[in-house]
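A structural walkthrough
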Amino acid sequence: MSDIESAIGKSPPRLEAAEKAAGQALFSGDMVLPGMLHGALLTSPYAHARILSYDASAALAHPGVKAVVTAEDITGGAIGPLVRDEYALARGKTRYIGEPVAAVAAESEAIARLAARLVEVEYEELPAVATIAEAMAEGAPLLHEDFADYFKIYPAPENGGNLMTRGEAVMGRGTDGFDEADIVVEGVYEVGAQYHAYMEPVSVLAAFAPDGRVTVWSSTQSIFRVQANLHEGLGIPMTKIRCVAARVGGGFGGKAEVSGELVAVMLARKAAAPVRLVLSRDEDMTSMRARHPGTLRVKTGAKADGTLVAREVELWFDAGAYADDSPAVLSVSLQYARGPYNIPHVHVLGHAVYTNKLRFGAFRGFGNPQASFAGESQIDELAEKLGIDPIELRIKNAIKAGDRWLGGQTITSSALGDALRAVRAASDWTRPRAAPAGCKRGLGVSAVAHTCAFLSAGAIVRLQGDGTVIVNTGAVDIGQGSDTALSQMCAAALGLDIEQVSFATPDTDSAPYNYGTVASRVTYTVGHAVHEAAMAVRAQLFDHAAAMLECAPERLELRPGGRVGVSGEPARNAEVSFADIAGRSLYAVGGPITGSGSFMTSDPLDPEHTKTSGLLDLGVLSVRSFGAQAVEVEVDEATGAVRVVEAWCAHDAGRAVNPGAIESQIHGAFTQGMGYALTEELLWEDCRLVNPSFMDYKFPGAMEAPERINAIVLETPEVSHPLGVKGVAEQPLVAAAPAINNAVSAATGLRLKRIPLTPERVLNALLAKG
Amino acid sequence: MDFYQPTSLDAALALLAADPEALPLAGGATLVAMMNADLVEPSALVSLRDVAELQTIEAAADGGFRIGAMISHAALADEARLGGGNEVVRQAAARIAHPQVRNIGTLGGAVAHGDPSSDLPAALVAADAAIEIAGPAARRVVAAENFFEDYLTTALKPGEMVSAITLPVQPEGAVGHYEKFARVHGGYATLSVAVVLAMAGGECSHVRVALGAAGATPVRVDAAEARLLGSVLDADAVRDAAAILAEASDPIDDVRGSAEYRLMLVPRLLGRALAAAEGGA
Ligand SMILES: Cc1cc2nc3c(=O)[nH]c(=O)nc-3n(C[C@H](O)[C@H](O)[C@H](O)COP(=O)(O)OP(=O)(O)OC[C@H]3O[C@@H](n4cnc5c(N)ncnc54)[C@H](O)[C@@H]3O)c2cc1C
């Protein structure tokens with residue numbers, strides 16, 4: 001198959017790199033239509049309040065105002081991917097400060113913002129719950145009195161008050177397995193709330209055509225989730241909804257579900273004009289989503305020789321005011337709470353709880369960062385107690401191909417041992433590090449696994465008249481480079497140069513269904529469909545070529561640049577170009593050449609292997625990719641500040657479609673994980689978010705990133721994929737915080753159990769230790 | 001809202017005198033952000049961009065400097081003539097935010113805003129700087145130490161403007177150092193220490209210390225400096241001086257750090273700042 005390898009394994013410039021570098025890329029917020037109005041939100045000043053009445057008269061009387069919408073304008077039902085518990089705008093009650101309550105469309109953004117504040121809403125304030133403990137207290141005020149009646153797609157607790165999800169999984173003898181352990185460590189770990197901080201805040205443009213169809217351009221990770229939400233939330237038939245992704249300035253999970261789209265459509269409908277809604281940064285931070293904060297009690301037992309025998313995890317996630325992706329995040333978190341090790345006896349139990357705070361939802365890692373911070377920190381504690389090198393302990397217990405994951409799925413390929421050995425060698429693991437005066441240095445490690453096959457995807461590849469092809473998947477490139485990688489995969493199957501492939505703009509009018517740009521799934525899952533579609537085109541090309549060259553199709557081969565020739569006969573007269581074939585198909589025989597591919601992840605769990613309750617069905621999530629990271633940190637003993645000096649990140653891409661893109665994924669994800677570990681934390685005073693700005697919420701910038709984040713790309717072909725690829729978008733984030741925490745331990749002897757490791761927390765711990 | 005762009009200081013002052021709700025606009029880094037957040041609603045903005053007399057750095061005959069209010073942080077950070085003790089001001093300017101903010105933010109704007117978490121106020125106090133104030137009726141000069149009166153409150157009276165900052169000749173051999181601790185590069189300080197230090201024969205012959213983000217105004221205490229003066233900057237002297245400064249500090253709890261943590265940083269950063277200055281002295 002050497003002919004198909006050409007376009008894979010190379011790092012051509014991103015298809016959209018030049019336009020982005022030149023500032024020409026068109027994001028939703030840049031788009032303008034004739035007669036376009038601007039939208040603005042009115043958000044709830046109360047954490048929990050009953051909405052008694054609206055009075056929009058003052059806002060409507062303001063010059064330039066064209067429409068005001070509230071929950072009274074909602075024409076559909078409740079929305080939510082797993083529990084239908086929210087509406088396009090707060091309906092009946094508001095449940096967090098910053099929740100959109102009303103919206104205004106006006107001739108300018110300034111007028112819209114001003115008029116939004118003229119909408120009068122009468123509230124009756126209700127008692128609110130700010131924390132898990134408050135939410136779970138006896139007699140706590142309920143966020144969702146009608147929770148039992150909501151539509152849900154998972155077994156939810158009954159009469160649980162504010163408890164949205166309670167999931168549990170037991171493997172082997174569960175907690176009884178600790179009787180096989182010689183050494184047991186136990187601890188409680190705390191994780192903070194991280195904001196996605198995508199560069200482009202939520203933005204959307206909605207316009208109705210005269211025939212009543214609405215087109216929505218938005219900054220989203222999934223045009224099909226937007227379409228589904230518009231359908232469910234506003235009752236508009238899908239025949240009347242067209243969703244298009246403009247360029248997207250980052251998502252990281254924050255735009256996996258619908259954001260401003262429903263409101264913009266309601267405004268456009270009522271104002272009978274196109275409406276653009278672009279959130280300000282503080283609106284985005286107060287009204288949108290973040291990573292679940294929570295606590296995890298973790299217990300791990302091992303034999304004296306380092307064999308892991310049992311693990312128990314009890315986890316509590318603050319889920320915020322609406323479920324959003326919480327039940328799924330919880331399920332995935334529990335699925336990763338055992339860690340990438342062969343631990344025979346496991347009991348994991350998790351809870352997600354409604355509180356009067358913003359929604360905690362999908363975020364790069366999807367529950368795994370929390371579980372891995374706790375679990376991987378604890379592996380190091382165990383290593384210390386056992387007197388075994390932490391990398392050695394991990395290698396000893398590393399999961400391998402053929403082993404089974406928590407839940408019972410079989411691991412198809414694992415490079416975990418290789419990844420650990422790679423970072424050990426590259427980091428010169430055992431070499432002592434010299435530190436400047438007043439500082440201490442140390443190295444830490446973390447192993448990681450994460451998924452890359454998830455739900456369904458389709459692809460359509462069409463041969464164009466000049467012999468080039470266009471591939472259409474509906475997958476949105478949110479900055480990670482999937483347009484380029486999928487084009488490369490398509491080109492490879494047809495022996496084309498990447499310039500001979502065009503990538504269709506994601507558009508629900510023309511694209512096959514695709515779940516979304518989440519779960520590191522695009523290269524693996526969508527790539528599957530692209531390959532299948534391209535191979536279908538290839539088969540048709542060969543049929544035509546066989547007729548044109550008068551030989552059997554089996555004798556044909558692809559030749560670079562879009563030609564089919566007879567094997568062993570290099571002469572020009574023994575080959576035809578794709579353009580010739582296209583001409584034949586379009587004007588003489590057979591009709592247009594189109595190939596389609598369709599893929600669904602299906603890897604059912606095994607209830608004999610792991611007993612579960614209250615979890616989502618995770619059989620639609622499969623194929624794990626493994627990695628390891630080593631990090632060197634410097635701890636300033638005077639201030640407690642932690643600086644990452646260097647990082648070594650080894651991740652298995654199965655087969656690297658675009659090594660340059662993988663390297664940049666590793667750089668970006670590691671740095672985002674560094675922020676999670678060290679500086680990023682949304683903070684609340686009661687239910688009020690206190691730092692919704694980039695002045696007060698600090699993520700690492702170029703100056704914080706270590707000079708070298710060494711990306712080590714491993715290639716252990718994944719047997720379940722035709723090209724052997726895997727995804728690596730999340731692992732470098734997941735493994736950052738535990739590796740940094742373990743490095744801080746190595747440097748200082750501290751065992752910290754709460755992230756972010758702010759200088760203040762580190763200094764206090766240093767002083768307490770003495 | 002009206003917008004004016006006068007070309008002389010007198011014209012600017014006249015515009016401000018005519019409308020008590022008008023505000024001077026310097027770089028706008030802070031003012032425009034505050035307007036966007038609805039924290040201020042001026043009736044008019046008087047841009048100082050074209051007022052030439054605010055745009056110069058002059059070396060005085062005695063070796064000091066007079067720096068116009070509209071000099072940007074970037075220009076100040078690049079001013080090679082600010083050496084010796086006055087280096088503390090140059091370093092503070094260089095540690096403000098990022099290049100974008102340093103290119104637009106101005107010395108006069110930073111001083112007039114009077115934010116105790118900002119970098120220049122403490123540095124100016126440590127450098128014994130003076131603030132030149134231009135008012136509708138008269139000009140006056142106020143020592144930096146007396147200029148900052150409270151949180152976001154300065155000695156400026158309605159209608160008055162900062163026209164320049166003057167830096168004195170620093171003692172022979174003095175070295176300035178600005179030690180800033182922030183959560184990330186370019187962040188506002190959790191705590192900062194501005195030091196001007198001269199050593200003679202191994203002993204401290206001149207010292208000024210001012211803390212930033214330690215209270216509503218820069219914190220400077222005579223007794224702390226007296227404790228250091230004449231010492232060899234031994235650990236006891238530094239610890240005592242830091243204790244005096246911490247005692248006079250009244251920091252806030254916020255996202256950048258708790259009050260308690262800021263107080264813990266006082267001796268730690270003071271030691272570091274003095275050591276750095278001594279290393280250069
Ligand atoms: C993202 C960001 C990060 C920042 N980080 C830091 C930091 O790390 N450290 C730091 O020290 N600062 C920081 N700043 C503040 C920055 O230094 C500002 O430039 C400065 O505080 C104000 O200067 P300006 O020229 O922009 O003033 P403006 O914003 O124009 O004005 C500020 C105030 O001063 C008044 N004013 C301006 N000039 C005069 C004058 N000559 N006389 C009287 N009143 C006047 C205005 O009316 C207004 O009330 C930051 C600002 C931003 C936007």
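Residues numbered from 1 in each chain as written. Chains lettered and ligands numbered in written order. Predicted model: local features only at pLDDT ≥ 70, side-chain atom pairs only at ≥ 80, totals over all residues. Heavy atoms only, no water.

1. So, the overall build of chain A
- Within chain A one finds 18 helices and 32 strands.
- For 770 residues, the compact-globule estimate of 2.2 N^0.38 gives 27 Å, and the C-alpha radius of gyration of chain A, at 27 Å, lies within 12% of that figure.
- Considering only C-alpha atoms, chain A reaches an extent of 85 × 75 × 55 Å along its principal axes.
- Looking at chain A alone, contacts between residues at least 24 apart form 80% of all its contacts between residues at least 6 apart.
- Roughly 26000 Å² of accessible area belongs to chain A as shown, and the carbon and sulfur atoms make up 53% of that amount. (Helix = DSSP H or I, 4+ residues; strand = E, 2+ residues; numbered from the N terminus. Rg over C-alpha atoms; globule rule 2.2 N^0.38 Å. Contact = heavy atoms within 4.5 Å. Areas by Shrake-Rupley, 256 points an atom, 1.4 Å probe, with all protein chains shown as cover.)

2. Regarding the overall build of chain B
- A tally of regular secondary structure across chain B gives 11 helices and 13 strands.
- Computed over C-alpha atoms, the radius of gyration of chain B comes to 19 Å, within 12% of the 19 Å expected from 2.2 N^0.38 for 281 residues, which places it in the range of a compact globule.
- Considered along the principal axes of its C-alpha atoms, chain B spans approximately 55 × 45 × 30 Å.
- Counting every position in chain B, which comprises 281 residues, the buried fraction comes to 53%.
- As displayed, chain B offers around 11500 Å² of accessible surface, 52% of which is attributable to carbon and sulfur atoms. (Buried < 20%, exposed > 50% of the residue type's maximum accessible area, 1.4 Å probe, protein only.)

3. Brief notes about the interface of chain B and chain A
- The partner chain A presents 21 residues to the 17 residues of chain B that form the contact.
- Carbon and sulfur atoms supply 59% of the area that chain B and chain A bury against each other, a total of about 1700 Å² over both sides.
- For the interface between chain B and chain A, the tally reads 3 salt bridges.
- A salt bridge links D696 of chain A to R256 of chain B, with the shortest nitrogen-to-oxygen separation between them at 3.8 Å. (Buried area = accessible area lost by both parts, 1.4 Å probe. Salt bridge = Lys/Arg side-chain N within 4 Å of Asp/Glu carboxyl O.)

4. Concerning the sheet that holds strand β27 (residues 621-636) of chain A
All names here are of chain A.
- The strand order β18-β27-β28-β31 describes an open sheet built from 4 strands, whose pairing is mixed. Where the open sheet ends on each side, the last strands, each with one partner, are β18 (439-454) and β31 (708-714). Ignoring strand direction, the axes of neighbouring strands in this sheet form an average angle of 15°.
- Pairing geometry for β18 and β27, over 15 bridges, is antiparallel. Directly across from A447, in β27, lies its bridge partner A628. (Pairing = 2+ DSSP bridges. Axes fitted to C-alpha atoms, helices over the stretch in contact; angles between N-to-C directions.)

5. Structural notes on the confidence of the model for chain B
- Looking at chain B, pLDDT values average 97 and 100% of them are 70 or higher.
- Both scores are given for the predicted complex: the pTM is 0.97, the ipTM 0.95. (pLDDT = per-residue confidence, 0-100.)

6. Points about the side chain of N86 of chain B
Residue and element names in this part refer to chain B.
- Tracing the sequence through the fold places N86 in the loop between α3 (73-77) and α4 (87-94).
- Residue N86 is classed as buried on the basis of its relative accessible area, which comes to 3%.
- Residue contacts for N86: discarding those within four places in its chain leaves F65, A127, L167, P168 and Q170.

7. Overview of the domain arrangement of chain B
- What the domain assignment lists for chain B is domain 1 (1-46) and domain 2 (175-280).
- In this structure, domain 1 of chain B and domain 2 of chain B have C-alpha centres spaced 35 Å apart. (Domains from an automatic or database assignment.)

8. Some points on the pattern of salt bridges
All names here are of chain A.
- All told, the structure shown has 69 salt bridges over all chains when counted by the stated rule.
- A salt bridge links D509 to R242; its shortest N-O distance comes to 3.6 Å. Taken together, the residues D509 in the loop between β21 (501-503) and α13 (522-549) and R242 in strand β11 (residues 241-245) connect sequence positions 267 residues apart.
- Looking at D509, the relative accessible area reads 43%, which means it is partly exposed.

9. Observations concerning the site of the ligand
Residue and element names in this part refer to chain B.
- Residues in contact with the ligand amount to 29 residues; listed here are only the nearest, P24, G28, L31, T106 and D119.
- The separation between an oxygen atom of the ligand and a polar main-chain atom of A26 is 2.9 Å.
- Between the ligand and the protein, one listed contact pairs an oxygen atom with a backbone N or O atom of T30 at 2.9 Å.
- The protein chains hide 88% of the 960 Å² of surface that the ligand would expose on its own.
- Contributing elements (two or more residues each) for the shell around the ligand: β2 (22-25), α6 (107-113) and β10 (161-167).
- Among the residues making up the shell around the ligand, the classes are represented as 17 nonpolar, 10 polar and 2 charged. (Near = heavy atom within 4 Å. Polar contact = N/O pair within 3.5 Å; in protein donor to acceptor, adjacent residues only side chain to side chain. Nonpolar A, V, L, I, M, F, W, Y, C, P; charged D, E, K, R; others polar.)

10. Focus on the pairing of strand β9 (residues 203-208) of chain A
Residue and element names in this part refer to chain A.
- Counting buried positions along β9 gives 5 out of 6 residues, so the element sits mostly inside the fold.
- Bridge count between β9 and strand β12 (residues 275-278): 4 bridges; the pairing is antiparallel. Paired with V204 across the strands is L277, a residue of β12.
- Counted along the chain from β9 to the antiparallel partner strand β10 (residues 214-218), the turn is 5 residues long, and its residue G212 has a positive phi close to 90°.

11. Some details on helix α11 (residues 416-426) of chain A
- Listed in full, the buried residues belonging to α11 of chain A are L416, G417, A419, L420, A422 and V423 of chain A.
- Against the buried residues of α11 of chain A lie α10 (390-397), β18, β27, β28 (642-652) and β31 of chain A.

12. Details of the nonpolar core
Residues and elements named next belong to chain A.
- Grouped together as the largest cluster of nonpolar side chains are 175 residues, with contacts concentrated most on L230, V633, F670 and I740.
- Aside from chain neighbours lying at most four places away, what touches I740 is V631, V633, V644, F670, M674, A677, L678 and L757.
- With 46 residues, the next largest nonpolar core counts V471, A492, I581 and V725 among its residues. (Core = buried A, V, L, I, M, F, W, Y, C linked by side-chain atoms within 4.5 Å.)

13. Concerning the domain arrangement of chain A
Residues and elements named next belong to chain A.
- Parsing chain A into structural domains produces domain 1 (37-126 + 202-278), domain 2 (290-454 + 605-769) and domain 3 (456-600).
- Centre-to-centre, using C-alpha coordinates, domain 1 lies 39 Å away from domain 3.
- The interface of domain 1 with domain 3 comprises 21 residues on the first partner and 19 residues on the second.
- Both sides of the domain 1 and domain 3 interface together cover about 1400 Å² of buried area, and 55% of this is carbon and sulfur.
- Looking at the side of domain 1 facing domain 3, the largest losses of area belong to Q221, I223 and F224, adding up to 41% of the total buried there.
- If you look at where domain 1 meets domain 3, you find 4 salt bridges.
- The interface formed by domain 1 and domain 3 includes 7 residue pairs in polar contact (both at pLDDT 80 or more).
- Taken together, the elements giving at least two residues each to the side of domain 1 that touches domain 3 come down to α5 (223-234) and β11.

14. Brief notes about the side chain of D119 of chain B
Residue and element names in this part refer to chain B.
- You can see D119 is positioned in the loop between α6 and α7 (120-126).
- The exposure class assigned to D119 is buried, which follows from its relative accessible area of 4%.
- Looking at D119, its side chain comes within polar contact range of the side chain of Y178, at 2.6 Å.
- Polar contacts involving the side chain of D119 include one to the side chain of K180, which spans 2.9 Å.
- Sequence-distant contacts of D119, that is, excluding residues within four places in its chain, are made with A92, R95, I96, Y178, K180 and A189.

15. Remarks on the packing of aromatic side chains
Residues and elements named next belong to chain A.
- Using the criterion set out here, one finds 17 aromatic pairs over all chains in the structure.
- Measuring from ring centre to ring centre gives 6.4 Å for Y96 and Y322, while their planes differ by 70°; the resulting arrangement is edge-to-face. Highlighted residues: Y96 in the loop between β4 (93-94) and β5 (100-106) and Y322 in the loop between β15 (308-320) and α8 (326-336), separated in sequence by 226 residues.
- Residue classification places Y96 among the buried residues on the basis of a relative accessible area of 2%.
- On the basis of an interplanar angle of 55° and a centroid distance of 5.0 Å, the ring pair of F224 and Y513 is categorised as tilted. Here Y513 lies in the loop between β21 and α13 and F224 lies in helix α5, a separation of 289 residues in the sequence.
- With a relative accessible area of 7%, F224 lands in the buried category.
- Taking relative accessible area as the criterion, Y513 reaches 37% and is therefore assigned partly exposed.
- Members of the aromatic cluster, connected to one another through ring pairs, are Y195, Y198, F694, Y697 and F699.
- Directly above the ring of Y198 sits K255, whose terminal nitrogen or CZ lies 4.1 Å from the centroid.
- Seen from the ring of F178, K299 lies directly overhead, with NZ or CZ sitting 4.5 Å from the centre. (Phe/Tyr/Trp six-rings, centres within 6.5 Å; stacked < 30°, edge-to-face > 60°. Lys NZ or Arg CZ within 6 Å of the ring centre and 35° of its normal.)

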